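Residue strings, one per chain:
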Amino acid sequence: MQPLDLQRTYEDGPVVVATGEGRGTSVEHGPFRFAFNDLFTFRDGLVARVDSYVVPLP
């Protein structure tokens, strides 16, 4: 498993956004790269919701 490269984090009240890039390997297609953007919404100190967006990179 390849590590993620966390590039930025943003916080606005109960929402934290993490952006970065990562690498992986698919059995069918081999190595690939991707960019990600994850939004974490907190309630009472716990993660209440996660929205994740992944975009393939060349």
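These notes cover the structure that comes with them. Model, not experiment: these values are computed from the prediction. (Residues numbered from 1 in each chain as written. Predicted model: local features only at pLDDT ≥ 70, side-chain atom pairs only at ≥ 80, totals over all residues. Heavy atoms only, no water.)

Some thoughts on the pairing of strand β4 (residues 46–57)
And step 1. Relative to β4, strand β3 (residues 30–43) is paired through eleven bridges, and the arrangement is antiparallel. Looking at β4, one finds that Thr41 is bridged to Arg49.
And step 2. Where β3 folds back onto β4 in an antiparallel hairpin, the turn is made up of two residues, including Asp44, whose phi is positive at roughly 55 degrees. (Pairing = 2+ DSSP bridges. Helix = DSSP H or I, 4+ residues; strand = E, 2+ residues; numbered from the N terminus.)

Here's the deal with the sheet that holds β4
And step 1. A sheet is described by the order of its strands in space; here four strands give the open sequence β1-β2-β3-β4, paired in antiparallel fashion. Of all the strands in the sheet, just β1 (5–12) and β4 have a single pairing partner and so form its edges. For this sheet the average axis-to-axis angle between neighbouring strands, irrespective of direction, equals 25 degrees. (Axes fitted to C-alpha atoms, helices over the stretch in contact; angles between N-to-C directions.)

Concerning the packing of aromatic side chains
And step 1. All chains considered together, the criterion is met by one aromatic pair.
And step 2. For the ring pair Phe32 and Phe34, a centre distance of 6.0 Å and an interplane angle of 35 degrees mean the geometry is tilted.
And step 3. Residue Phe32 is classed as partly exposed on the basis of its relative accessible area, which comes to 39%. (Phe/Tyr/Trp six-rings, centres within 6.5 Å; stacked < 30°, edge-to-face > 60°. Buried < 20%, exposed > 50% of the residue type's maximum accessible area, 1.4 Å probe, protein only.)

Remarks on the side chain of Asp51
And step 1. One can find Asp51 in strand β4.
And step 2. By relative accessible area, Asp51 is classed as buried at 18%.
And step 3. Non-local contacts of Asp51, meaning those with residues more than four positions away in its chain, are made with Asn37, Asp38 and Leu39. (Contact = heavy atoms within 4.5 Å.)

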